[in-house]
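# Summary of the model geometry
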Amino acid sequence: MALFPLMRPGCNVVASTRLYGGTIQQFTNTIRTFGWSAKFVDSDDLAAVEAACDAHTRAIFCETIANPGGYISDLPALAAIADRAGVPLIVDNTTVSPYLCRPIEHGATLVVHSATKYLTGNGTVTGGIVVDSGKFDWSASEKFPALSQPEPAYHDLTFHAALGAMAFTFHSIAVGLRDLGMTMNPQGAHYTLMGIETLGLRMQRHVENAQKVAEWLEADPRVEFVTYAGLKSSPYHDRAAQIVPKGAGGLFTLALKGGYDACVKLIDNLKLFSHVANLGDTRSLVIHSASTTHRQLSPEAQIKAGAAPDVVRLSIGIENVEDIIADLDQALAAAVV
Ligand SMILES: *Cc1c(COP(=O)(O)O)cnc(C)c1O
């Protein structure tokens, strides 16, 4: 939906390699049927991002914090590259929520969220949100004819001239939602709005718990390493202070001594954690990607995706942190000998 007003057959999006697996799939395969493509680059290699932008690029796409791995995007630097290329920066802000980061303040033009995660907060809804800053000048070039030229799909309305800062949003509703049908159902919207009422409180608890659990795990001899940007050992610790100063989210991975088998045993022995692929739930969640979501990948591809055989992903909930740690402690005792 976010790309639809921007793209035409032959256009591309320059995307970070560190993205949610579903987005990589969509960008690699599904968007090809529209004649669009993605050019994947390491978003920490700013020169490579800049070099990847060509005459057919219509957006740069990254995530605030990408999982697994806890990579934090340098949003101001990517926004500056997007500015020079004359295209919007689109940021998927799902894993931190607007409470921890507001990407528009760091230069993003568009922000997308899976409302399925922290916004709703309890796994009752699948939904998504596209937020436009209203700051992009769609008429500054010939790149965005759906917004800057008469739109044949909507009575030849020139959206930018007629609607100014609301051009992108109205195009998305009048053409995108109308023709592509990704409209949220009313009950889902109701649950999401109720969830958002407690977003701030929940996020405070998520980051407080995640920080304590990550520190406890990092100090445990049964654990090989923990990738949480809130830890001093993280290469993204300094960037966390800049991009997510209130906390580095509730999601991280840990590697276990004992490898694949120990990870499977850990999952089997956890009692408080739910074993699901979701994230951002009030309840603590766990998944061993290598034996589930990333099972079809080769070991090399699993490692590249941050889902090595010895890695488990935790989404830390808002329970009493001592209960979370006690559950991990007893499951680790059963898993790692
Ligand atoms: C889950 C997720 C999505 C997709 O959201 P759905 O609501 O499952 O469609 C997109 N981006 C990120 C970062 C996610 O975690």
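Residues numbered from 1 in each chain as written. Predicted model: local features only at pLDDT ≥ 70, side-chain atom pairs only at ≥ 80, totals over all residues. Heavy atoms only, no water.

Attention shifts here to the domain arrangement of the chain. Structurally, the chain comprises domain 1 (12-188) and domain 2 (199-335). For domain 1 and domain 2, the distance between their C-alpha centres works out to 28 Å. Of the residues lining the interface, 30 residues belong to domain 1; the matching set on domain 2 comes to 33 residues. Interface area, domain 1 with domain 2, both sides summed: about 2600 Å², of which 61% is carbon and sulfur. Together, Tyr-99, Leu-100 and Tyr-118 form the three largest contributors to the area buried by domain 1 at its contact with domain 2, with a combined 32%. Across the domain 1-domain 2 interface, the total number found is one salt bridge. Across the pair Asp-44 and Arg-239 runs a salt bridge, and its minimum N-O distance is 2.8 Å. Taken together, domain 1 and domain 2 are joined by 13 residue pairs in polar contact (both at pLDDT 80 or more). Breaking the side of domain 1 that touches domain 2 down by element, the ones donating at least two residues are β5 (71-72), α3 (75-85) and α4 (97-100). The element contributing the most residues to the side of domain 1 that touches domain 2 is α4, with four residues. Of the residues contributing to the side of domain 1 that touches domain 2, the split by class is 13 nonpolar, 13 polar and four charged. (Domains from an automatic or database assignment. Contact = heavy atoms within 4.5 Å. Buried area = accessible area lost by both parts, 1.4 Å probe. Salt bridge = Lys/Arg side-chain N within 4 Å of Asp/Glu carboxyl O. Polar contact = N/O pair within 3.5 Å; in protein donor to acceptor, adjacent residues only side chain to side chain. Helix = DSSP H or I, 4+ residues; strand = E, 2+ residues; numbered from the N terminus. Nonpolar A, V, L, I, M, F, W, Y, C, P; charged D, E, K, R; others polar.)

This part is about the environment of Gly-70. For Gly-70, the position within the fold is in the loop between β4 (65-66) and β5. Gly-70 sits in the buried class, given a relative accessible area of 10%. Between the C-alpha atoms of Gly-70 and Val-96, which are 26 residues apart in sequence, the distance is 11 Å. Apart from the residues lying within four places of it in its own chain, the contact partners of Gly-70 are Ile-65, Ala-229 and Tyr-236. (Buried < 20%, exposed > 50% of the residue type's maximum accessible area, 1.4 Å probe, protein only.)

Another point: the pairing of strand β2 (residues 37-41). Here strand β1 (residues 12-16) pairs with β2 via five bridges, running parallel. Bridging across to β2, Val-14 finds its partner in Lys-39. (Pairing = 2+ DSSP bridges.)

The next subject is the side chain of Ser-148. Mapped onto the elements of the fold, Ser-148 is located in helix α5 (residues 145-148). What makes Ser-148 buried here is its relative accessible area of 12%.

Taken in spatial order, the five strands make up an open sheet running β9-β10-β13-β12-β11, and their pairing is mixed. The sheet is open, and its two edges are formed by β9 (223-227) and β11 (274-275), each paired on a single side. As paired elements, strand β10 (residues 251-256) and strand β13 (residues 311-315) share five bridges and run antiparallel to each other. Of the residues in β13, the one forming a bridge with Phe-252 is Leu-314.

What follows deals with the sheet that holds strand β8 (residues 128-132). With mixed pairing, the six strands of this open sheet are ordered in space as β2-β1-β3-β6-β7-β8. Taken across any chain shown, the strands that pair with only one partner, and hence form the sheet edges, are β2 and β8. Geometrically, the sheet is characterised by an average inter-axis angle of 20° between neighbouring strands, direction not taken into account. Contacting β1, β2 and β3 (57-63), helix α1 (residues 21-28) runs over the sheet at an angle of about 130° to β2. (Axes fitted to C-alpha atoms, helices over the stretch in contact; angles between N-to-C directions.)

The full count for this structure, using the stated rule, is nine aromatic pairs. Seen from their ring centres, Trp-138 and Phe-144 are 5.3 Å apart, and the 80° between their planes marks the pair as edge-to-face. Cluster of aromatic residues (ring-pair linked, three or more members): Phe-136, Trp-138, Phe-144 and Phe-168. Here the basic side chain of Arg-18 rests over the ring of Tyr-71, its NZ or CZ set 3.9 Å away from the ring centre. Against the face of Tyr-20 rests Lys-117, its NZ or CZ located 5.1 Å from the ring centre. (Phe/Tyr/Trp six-rings, centres within 6.5 Å; stacked < 30°, edge-to-face > 60°. Lys NZ or Arg CZ within 6 Å of the ring centre and 35° of its normal.)

We now examine the site of the ligand. As a structural note, the neighbourhood of the ligand is formed by Tyr-20, Glu-63, Asp-92, Thr-94, Ser-114, Thr-116, Lys-117, Gly-127 and Leu-279. Asp-92 is positioned with one of its side-chain polar atoms (N or O) 2.7 Å from a nitrogen atom of the ligand. Considered on its own, the ligand offers 380 Å² of accessible surface; in the complex 76% of this is hidden by protein. For the ligand, the cavity whose grid points lie within 2 Å of the majority of its atoms is the largest pocket. Classifying every residue of the shell around the ligand by side-chain character gives two nonpolar, four polar and three charged. (Near = heavy atom within 4 Å. Areas by Shrake-Rupley, 256 points an atom, 1.4 Å probe, with all protein chains shown as cover. 1 Å grid on protein atoms, 1.4 Å probe; cavity = no way out; pocket = protein on both sides within 12 Å on 5 of 7 lines; lining within 4 Å. Sits in = over half its atoms within 2 Å of the grid points.)

Here the focus is the pattern of salt bridges. Scanning all chains against the criterion turns up eleven salt bridges. Shared partners join several salt bridges into a network, and the residues in it are Arg-18, Asp-42, Asp-44 and Arg-239.

Looking now at the packing of helix α9 (residues 199-218) against helix α13 (residues 321-335). Relative orientation of the contacting elements α9 and α13 amounts to 30°, with a least axis distance of 10 Å. Relative to α13, α9 is oriented roughly parallel. For the crossing formed where α9 meets α13, the hand is right-handed. Of the residues in α13, those in contact with Asn-209, Lys-212, Val-213, Trp-216 and Leu-217 of α9 are Val-321, Ile-324, Ile-325, Leu-328, Asp-329 and Leu-332. Its residues assigned to classes, the contact of α9 with α13 shows eight nonpolar, one polar and two charged. (Parallel < 35°, antiparallel > 145°, perpendicular 65-115°, else oblique. Left-handed = near helix turned anticlockwise from the far one by under 90°.)

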